[in-house]
Amino acid sequence: MAILGDAKGLPKGFEIAAAIAYSAYPQLKDVRIDMILTDYGPPMMADIDIWSLFGTRKNRLYQIKLNDAVSTFFDPILLRSLPFDAQVGILAHELGHVAYYHQLNLFQIGKWGFNYLQSDEFHATHERTTDLMPVYHGLASQIYQYAYFVRNDPSCLEFYTNGKEFMDKFYMTDKELLEVISRYEKFN
Ligand SMILES: [Zn+2]
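First things first, this report covers the structure right here in the doc. Owing to the predicted nature of the structure, the values given are computational and were not obtained by experimental measurement.

Comments concerning helix H4 (residues 120–130)
For H4, the set of buried residues is His123, Ala124, His126, Glu127, Arg128 and Thr130. Buried residues in H4 make contact with helix H2 (84–101), helix H3 (106–118), helix H5 (133–136), helix H7 (157–170) and helix H8 (174–186). For H4, the side-chain oxygen to backbone nitrogen distance between the N-cap and Glu121 is 3.3 Å, and the N-cap itself is Ser119.

Listed below in structure tokens is the structure:
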């Protein structure tokens, strides 16, 4: 907790995975971030508490919402269904969103949100860039393991078969990540 600072919320049952992901973003040490288990929404999402947007940036509150509903379409790819390293990887992806949002002012966030909703291309570029954030923060193996698991594990096969077009357009595939990682590691 000394490393994470006291502005972080840990989701029940996933405390260690969350702590590892947080520890990869020392620049977010003083930023208020909570991770909340929900029973709705997309599998994972990084959100900003709307009221905290109107204060100073120091008081901004980010909420990473983790769908933990039982018996839904998303079951195979929810946090609890993933291996430990893949959990760390996807939480590091969500924190990558936070690191990006935290640089933006209110006007820029509004503009960003508009583009994200309006343009599939913008949306895809943004998500695929965010998939690289764990790579730059020392969690390349973990995001790779996430991308691999959701596309190759037998438990995800049906989900991936149905969602392949969406998943491979908006997120980096395991093969794409592997290529980026091997190039990146040559230079570092
Ligand atoms: Zn994302």
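From this point, the narrative continues.
Here's the deal with the coordination of the zinc ion
For a metal bound by four donors in tetrahedral geometry, the ideal donor-metal-donor angle is 109.5 degrees, whereas six donors in octahedral geometry ideally sit at 90 or 180 degrees. Protein coordination at the zinc ion: the donors are His93 (NE2), His97 (NE2) and Glu127 (OE), at 2.0 to 2.1 Å from the metal. Every donor residue of the zinc ion comes from the same chain, spaced as H-x3-H-x29-E. Of this pair, His93 sits in helix H2 while Glu127 sits in helix H4, placing them 34 residues apart in sequence. An identical accessibility class is assigned to His93 and Glu127; each is buried.

Regarding the pattern of salt bridges
Scanning the model with the defined rule gives eight salt bridges in all. Salt-bridge contacts for Lys169 lead to Glu121; the nearest nitrogen and oxygen are separated by 3.2 Å. With Lys169 in helix H7 and Glu121 in helix H4, the pair connects residues that are 48 residues apart, well separated along the chain. On the basis of relative accessibility, which here comes to 33%, the residue Lys169 falls in the partly exposed class. Since its relative accessible area comes to 52%, Glu121 is described here as exposed. In this structure, a network of salt bridges that share partners links the residues Asp68, Asp75 and Arg80.

Let's talk about the packing of H3 against H4
Running from amino to carboxyl end, H3 crosses H4 at an angle of 110°, the nearest separation of the two axes being 5 Å. Relative to H4, the element H3 lies roughly perpendicular. Where H3 abuts H4, its residues Trp112, Asn115, Tyr116 and Gln118 lie against Asp120, Phe122, His123, His126 and Glu127. Tallied by class, residues from the contact of H3 with H4 come to three nonpolar, four polar and two charged.

Quick notes on the sheet that holds strand S2 (residues 44–48)
In space, the three strands of this open sheet follow the order S1-S3-S2, with mixed pairing throughout. Across the chains shown, the open sheet's two edge strands, defined by having one partner strand only, are strand S1 (32–38) and S2. Sheet twist, expressed as the average angle between the axes of neighbouring strands with direction ignored, equals 20°. Bridge count for S1 against strand S3 (residues 61–67) is seven bridges, and the pairing is parallel. Pairing of Leu37 across the sheet is with Leu66, part of S3.

Reading the values: the criteria
- Residues numbered from 1 in each chain as written.
- Predicted model: local features only at pLDDT ≥ 70, side-chain atom pairs only at ≥ 80, totals over all residues.
- Heavy atoms only, no water.
- Buried < 20%, exposed > 50% of the residue type's maximum accessible area, 1.4 Å probe, protein only.
- Helix = DSSP H or I, 4+ residues; strand = E, 2+ residues; numbered from the N terminus.
- Contact = heavy atoms within 4.5 Å.
- Polar contact = N/O pair within 3.5 Å; in protein donor to acceptor, adjacent residues only side chain to side chain.
- Donors = N, O, S within 2.8 Å, 3.2 Å for Na, K, Ca; no water.
- Salt bridge = Lys/Arg side-chain N within 4 Å of Asp/Glu carboxyl O.
- Axes fitted to C-alpha atoms, helices over the stretch in contact; angles between N-to-C directions.
- Parallel < 35°, antiparallel > 145°, perpendicular 65-115°, else oblique.
- Nonpolar A, V, L, I, M, F, W, Y, C, P; charged D, E, K, R; others polar.
- Pairing = 2+ DSSP bridges.

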